[in-house]
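Take a look at the letters that make up each chain.
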Amino acid sequence: MKAIAIVGKKKTGKTTLGLALVKNLTAKGLKVGVVKHSHHGFDGAEGADTEEYKRIAASVAAYSPSQSFVSWNAERTVQDLIPLMGVDVIIMEGGNKVGWLPRIIMVREDADDKDFYPELALEQVPACTRENPPSAEEIEKLADMVMDKGFILPGLNCGECGREFCMNFVADILTGKARISGCKAMSGEMSVTCNGAELGFNPFVSDILSAGITAMLKQLKGYVPGEIEIKIKNGS
């Protein structure tokens, strides 16, 4: 990977040069990523500069003492993003067609839920505004529900659970016809976590990786059959 830093005092044209380089290299067919540092966060001029980079670069990462983020100029899957987040709870806004996790549906009137897969709903909540938000009691109830019943599946649609799509499996979990442990992509003999988020494998891939890794380890002194744990640290 080629890389360069542009440094200098404030208002010396760092962003101007950076934008020019990104445009030039992108025009040559290269995918250019930008990493931007700020001592003051990304409001005002720093935020405007970052938005300019977002419009032309393949990806933009930014970090400061108060915040850090990564932005891509293309769609990435939920599964790609979650390991980067380092969190305990995911709250997704939107994603109507994402059928790998339960949802809360905001409704304006009766039968206003039909386009939002009500079979995946933990709760239907009346539409609200900033001037008329849900009560503190309602928020507390929903928060408890998230912690008690929330989950996310790998979304592989592998069919190993006996359903064609993960969406069907989620619906069965919510009605008590299935358990999360029935997801074969999450309950096989091999499991891998990335920054605390478990990665899903369809059984075929799991079997290949497990067999391959085991075969290599058998060549090492000290190997004995049994449960194997491997930790890989990438970066700091």
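Whatever comes next refers back to the structure up there.
Read on for an overview of the structure. This is a predicted model, so every value here is computed, not measured. (Residues numbered from 1 in each chain as written. Predicted model: local features only at pLDDT ≥ 70, side-chain atom pairs only at ≥ 80, totals over all residues. Heavy atoms only, no water.)

**Focus on the pairing of strand β4 (residues 103–107)**
Then, in step 1: With burial as the criterion, only one face of β4 is covered, namely that bearing R103, I105 and V107; the residues I104 and M106 on the opposite face remain uncovered.
Then, in step 2: In the sheet, β4 pairs with strand β5 (residues 121–126) via five bridges, with the strands oriented parallel. Paired with I104 across the two strands is E123, which belongs to β5. (Buried < 20%, exposed > 50% of the residue type's maximum accessible area, 1.4 Å probe, protein only. Helix = DSSP H or I, 4+ residues; strand = E, 2+ residues; numbered from the N terminus. Pairing = 2+ DSSP bridges.)

**Let's talk about the nonpolar core**
Then, in step 1: Grouped together as the largest cluster of nonpolar side chains are 17 residues, with contacts concentrated most on W100, L153 and F169.
Then, in step 2: Take this core: its biggest share by element is six residues, from helix α5 (residues 166–174).
Then, in step 3: Not counting residues up to four positions away in its chain, the partners in contact with L153 are W100, C166, F169, V170, I180, C183 and M186.
Then, in step 4: Core analysis: the second largest hydrophobic core is formed by seven residues, L19, V32, V34 and Y53 among them. (Core = buried A, V, L, I, M, F, W, Y, C linked by side-chain atoms within 4.5 Å. Contact = heavy atoms within 4.5 Å.)

**Quick look at the pattern of salt bridges**
If charged atoms from side chains of opposite charge come close, those side chains can pair.
Then, in step 1: Inspection of the entire model under this criterion finds four salt bridges.
Then, in step 2: Residue E51 is joined to K54 by a salt bridge in which the shortest nitrogen-to-oxygen separation is 3.1 Å. Highlighted residues: E51 and K54, both in helix α2 (residues 44–56), separated by three residues, approximately one helical turn.
Then, in step 3: When the shortest N-O distance is used, the salt bridge between E123 and K141 registers 3.1 Å. Note that E123 is positioned in strand β5 and K141 in helix α4 (residues 136–149), a separation of 18 residues in sequence.
Then, in step 4: A relative accessible area of 40% means that K141 is categorised as partly exposed. (Salt bridge = Lys/Arg side-chain N within 4 Å of Asp/Glu carboxyl O.)

**Side note on the side chain of D49**
Then, in step 1: Among the structural elements, D49 can be located in helix α2.
Then, in step 2: Lacking a salt bridge, the buried D49 has K36 as its closest oppositely charged neighbour, with an N-O distance of 4.1 Å.
Then, in step 3: Excluding anything up to four places from it in sequence, D49 contacts T15 and K36. (Lys, Arg positive; Asp, Glu negative; His and termini not counted.)

**Digging into the side chain of T15**
Then, in step 1: Here T15 lies in helix α1 (residues 14–27).
Then, in step 2: On the basis of relative accessibility, which here comes to 14%, the residue T15 falls in the buried class.
Then, in step 3: With residues up to four places along the chain from it excluded, the contact list for T15 reads K36, D49 and Y53.

**A look at the environment of N73**
Then, in step 1: Topologically, N73 is positioned in the loop between β3 (68–72) and α3 (78–85).
Then, in step 2: C-alpha of N73 to C-alpha of V60: the two residues are 13 residues apart in sequence and 8.4 Å apart in space.
Then, in step 3: When near neighbours in sequence (up to four residues on either side) are disregarded, N73 contacts K54, A57 and A58.
Then, in step 4: Here the side chain of N73 touches A57 through a polar contact of 2.8 Å, landing on its backbone oxygen. (Polar contact = N/O pair within 3.5 Å; in protein donor to acceptor, adjacent residues only side chain to side chain.)

**Quick word on empty space enclosed by the protein**
Then, in step 1: With the rule as written, the count across this model stands at one cavity of 30 Å³ or more.
Then, in step 2: By volume, the largest cavity amounts to about 110 Å³.
Then, in step 3: Looking at the largest cavity, it is lined by 16 residues, and the ones nearest its centre are C158, G159, C161, C166 and C183.
Then, in step 4: The residue makeup of the lining of the largest cavity, split by class, is ten nonpolar, three polar and three charged. (1 Å grid on protein atoms, 1.4 Å probe; cavity = no way out; pocket = protein on both sides within 12 Å on 5 of 7 lines; lining within 4 Å. Points joined across faces, edges and corners; volume = space filled by probe spheres on them. Nonpolar A, V, L, I, M, F, W, Y, C, P; charged D, E, K, R; others polar.)

**What about α3?**
Then, in step 1: Looking only at α3, the buried set comprises V78, I82 and P83. Each buried residue of α3 sits inside an arc of 130° when the element is viewed along its axis, so together they form one side.
Then, in step 2: The positive-phi residue at the C-terminal boundary of α3 is G86, with phi of around 60°. (Arc of directions from axis to C-beta.)

**Re unusual backbone geometry**
Backbone phi values are negative for most residues with the exception of glycine, while trans is the configuration of most peptide bonds.
Then, in step 1: Located in the positive-phi region is K11, a residue other than glycine, with phi close to 65°.
Then, in step 2: Structurally, K11 is set in the segment before α1.
Then, in step 3: Located in the positive-phi region is N157, a residue other than glycine, with phi close to 50°.
Then, in step 4: With respect to the element layout, N157 can be found in the loop between α4 and α5.

**Quick notes on the sheet that holds strand β1 (residues 33–37)**
Then, in step 1: The three strands lie next to each other as β1-β2-β3, forming an open sheet whose pairing is mixed. What marks the edges here is a single partner per strand, and that holds for β1 and β3. Pairs of neighbouring strands in the sheet enclose a mean axial angle of 10°, with direction left out of account.
Then, in step 2: The pairing of β1 with strand β2 (residues 59–63) spans five bridges and is parallel. (Axes fitted to C-alpha atoms, helices over the stretch in contact; angles between N-to-C directions.)

So yeah, pure geometry; function would need other evidence.
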